Amino acid sequence: YRFSDVDPDVVELAQITSDTHSYLDQGPLVERIWYSYFIELFDSSGNSAISDTVSYALLAKSNLLSPAHGEIVNPDSLKFYWYKADDRSGFYRVLVWNEENELIWYNDLYVTVEEDVLQMTFPILSPPIPSGSTLRWRVDYFDWAEDHQMYMGSESNERVFYVP
């Protein structure tokens, strides 16, 4: 079920089977609107329970520039580049995962000026990233919502790059 700040009427989104582990809300969703979700569970006798409610507001995704998907890059001189998600202040988090899906590095960049292309330098890690590694990266954008006393955010598309 879903409701929002602008539409408080509860809407049933789907009925899913007990072996389903996730559900993707296909919207339509509007940026900076707070959406709240809950689920109602039923057992085989027809008894039900309602979950706690979780709320989240989406932001525009950052447009990733470099490294390009599938690019071969030297991690010792790697810089990430992306376009701002919107014209507001907030912070961006660059995240990098290894082939085992372990987060190996992240860093935040706080933005309050009218920059368009943003960048962040990847540090030289110790131990170094092994040659032939496949890494994934993305940039998430966050902005503080004073009325909810929490961050709203986005996740960008992920890209893969290779270490020679």
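Because the structure is predicted, anything quoted here is derived from the model rather than measured. (Residues numbered from 1 in each chain as written. Predicted model: local features only at pLDDT ≥ 70, side-chain atom pairs only at ≥ 80, totals over all residues. Heavy atoms only, no water.)

Caption draft 1: Region of interest: the overall build of the protein chain. Check the secondary structure of the protein chain and you find zero helices and 14 strands. For the protein chain, the sequential pattern of α-helices and β-strands runs β-β-β-β-β-β-β-β-β-β-β-β-β-β. Compactness check: the protein chain gives a C-alpha radius of gyration of 20 Å against a globular reference of 15 Å for 164 residues, more than 25% above the reference. Counting only C-alpha atoms and orienting by the principal axes, one finds that the protein chain spans roughly 60 × 40 × 25 Å. Excluding contacts between residues fewer than 6 apart, the proportion of contacts in the protein chain whose partners are at least 24 apart in sequence is 58%. (Helix = DSSP H or I, 4+ residues; strand = E, 2+ residues; numbered from the N terminus. Rg over C-alpha atoms; globule rule 2.2 N^0.38 Å. Contact = heavy atoms within 4.5 Å.)

Caption draft 2: Main features of the layout of surface pockets. By volume, the largest pocket is sized at about 990 Å³. Around the largest pocket, the lining is made up of 28 residues, and of these Y1, I16, Y23, F38 and I39 lie nearest the centre. Elements with a contribution of two residues or more to the lining of the largest pocket: strand 2 (34-37), strand 3 (40-42) and strand 5 (54-57). Residues belonging to the lining of the largest pocket are distributed by class as follows: 16 nonpolar, eight polar and four charged. The wall of the second largest pocket is formed by Y56, L58, L59, K61, G153, S154 and E155. Looking at which element gives the most residues to the lining of the second largest pocket, the answer is strand 13 (residues 150-155), with three residues. Counted by class, the lining of the second largest pocket contains three nonpolar, two polar and two charged residues. (1 Å grid on protein atoms, 1.4 Å probe; cavity = no way out; pocket = protein on both sides within 12 Å on 5 of 7 lines; lining within 4 Å. Points joined across faces, edges and corners; volume = space filled by probe spheres on them. Nonpolar A, V, L, I, M, F, W, Y, C, P; charged D, E, K, R; others polar.)

Caption draft 3: Quick look at the sheet that holds strand 2. Sheet architecture is open: three strands sit in the order 1-2-5, paired in antiparallel fashion. Edge strands, defined here as strands with exactly one partner in the open sheet, are strand 1 (2-4) and strand 5. Recorded for the sheet is a direction-independent mean angle of 25 degrees between the axes of neighbouring strands. As paired strands, strand 2 and strand 5 are joined by four bridges and run antiparallel to one another. By the bridge assignment for strand 5, S36 is matched with S55. (Pairing = 2+ DSSP bridges. Axes fitted to C-alpha atoms, helices over the stretch in contact; angles between N-to-C directions.)

Caption draft 4: Representation of the environment of E12 within the structure. Mapped onto the secondary structure, E12 falls in the loop between strand 1 and strand 2. Expressed as a C-alpha distance, the spacing of E12 and E31, which sit 19 residues apart in the sequence, is 21 Å. A distance of 3.4 Å separates a polar atom in the side chain of E12 from a polar atom in the side chain of Y1. There is a polar contact of 3.1 Å between the side chain of E12 and the side chain of Q15. (Polar contact = N/O pair within 3.5 Å; in protein donor to acceptor, adjacent residues only side chain to side chain.)

Remember, this is a structural readout, not a statement about activity or role.
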